[in-house]
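Listed below, chain by chain, are the residues.
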Amino acid sequence: MSDKQKLLLVEDDPSFGSVLKDYLVINDYDVTHAIDGEDGLTKFKESDYDLCILDVMMPKKDGFTLGKEIKELKSEQPIIFLTAKNMREDVLNGYKIGADDYILKPFDSEVLLYKIKAVLQRNSGEEEKFEQEDFKIGKFNFNAKLRQLIFDGKSQKLSPKENELLRLLAIYKNDLMPREIALTRIWHDDNYFTSRSMDVYIAKLRKYLKKDPAVEIVNIHGEGFRLLVQE
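Residues numbered from 1 in each chain as written. Predicted model: local features only at pLDDT ≥ 70, side-chain atom pairs only at ≥ 80, totals over all residues. Heavy atoms only, no water.

**Student:** Even after reading the chapter, I still don't get the environment of Lys-154, so can you show me in this structure?
**Tutor:** Mapped onto the secondary structure, Lys-154 falls in strand S9 (residues 154-157). Relative accessible area serves as the criterion here: at 64%, Lys-154 is assigned to the exposed category. Between the C-alpha atoms of Lys-154 and Phe-140, which are 14 residues apart in sequence, the distance is 9.9 Å. (Helix = DSSP H or I, 4+ residues; strand = E, 2+ residues; numbered from the N terminus. Buried < 20%, exposed > 50% of the residue type's maximum accessible area, 1.4 Å probe, protein only.)

Structure representation (structure tokens):
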């Protein structure tokens with residue numbers, strides 16, 4: 001009995017589907033590949049999957065239709081849509097169906113891996129650590145629910161993205177917070193522009209936190225950031 005997480009990949013391009021399946025298998029997933037929407041629904045009914053990865057543009061049954069049918073059968077089923085179309089309406093349609101994430105072709109395969117991990121974490125007990133709301137960061141008290149960073153009795157109100165970014169850093173305190181985790185959880189995308197946007201928010205947080213010399217945000221080149229707190 002395999003303890004690997006099971007993925008259903010529904011992709012009608014035979015060469016791309018085969019390469020993607022092999023890549024996911026190499027990364028220790030148990031992958032079933034369906035060649036179109038109808039085949040995907042049949043295979044979904046035959047087994048239980050931890051995650052479904054559905055191409056949007058397919059013959060016989062498109063990914064959105066398949067996604068709706070899967071959600072009708074199992075409302076809590078995690079789904080990631082793959083699409084070559086960069087249209088806002090498509091992205092919104094995917095999220096209305098109940099997509100957990102969305103990735104545009106062509107994509108970096110490592111980004112897909114991070115998105116898969118993030119979705120699977122959200123649907124497992126590991127997600128509980130991401131629900132923490134009260135933190136002690138050196139001499140700061142941070143209340144993520146109220147978006148308040150308090151130092152010496154004075155409160156700094158954080159913007160929603162500042163708040164979520166500091167919360168992730170605080171969850172990973174003194175450990176590496178992978179750049180991709182922050183980008184996919186907060187910005188729902190991992191590209192050059194969202195990455196530069198995150199750097200701007202990191203700079204803002206550094207400005208807030210410099211009041212306590214025992215606290216700093218360190219850039220780990222190419223990997224992410226560490227919120228270092230000298231206890």
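What follows continues from the structure just given.
**Student:** Hey, could you run me through the nonpolar core in this one?
**Tutor:** The nonpolar side chains of a soluble globular protein tend to be buried with one another. Ranked by internal contacts, the top residues of the largest apolar core, which has 32 residues, are Ile-137, Leu-165, Leu-169 and Leu-227. Elements supplying a minimum of two residues to this core: strand S6 (134-137), strand S7 (140-143), strand S8 (148-151), helix H6 (160-171), helix H7 (179-187), helix H8 (192-209), strand S11 (215-220) and strand S12 (224-229). Setting aside its immediate chain neighbours within four residues, Leu-169 contacts Met-177, Ile-202, Leu-205, Ile-217, Phe-225 and Leu-227. Membership of the second largest hydrophobic core comes to 18 residues, among which are Phe-44, Tyr-49, Cys-52 and Ala-99. (Core = buried A, V, L, I, M, F, W, Y, C linked by side-chain atoms within 4.5 Å. Contact = heavy atoms within 4.5 Å.)

**Student:** What is the right way to read the pattern of salt bridges from this model?
**Tutor:** Where charged atoms from two side chains of opposite charge approach closely, those side chains can pair. Overall, the coordinates contain 10 salt bridges when judged by the stated rule. Linking Lys-105 and Asp-55 is a salt bridge whose minimum nitrogen-to-oxygen distance equals 3.1 Å. Taken as a pair, Lys-105 in the loop between strand S5 (101-104) and helix H5 (109-122) and Asp-55 in strand S3 (residues 51-55) lie far apart in primary sequence, 50 residues in all. According to the relative accessible area criterion, Asp-55 is buried, its value standing at 4%. Among the ionic pairs, Asp-199 bridges to Arg-196, the shortest N-O distance being 2.5 Å. (Salt bridge = Lys/Arg side-chain N within 4 Å of Asp/Glu carboxyl O.)

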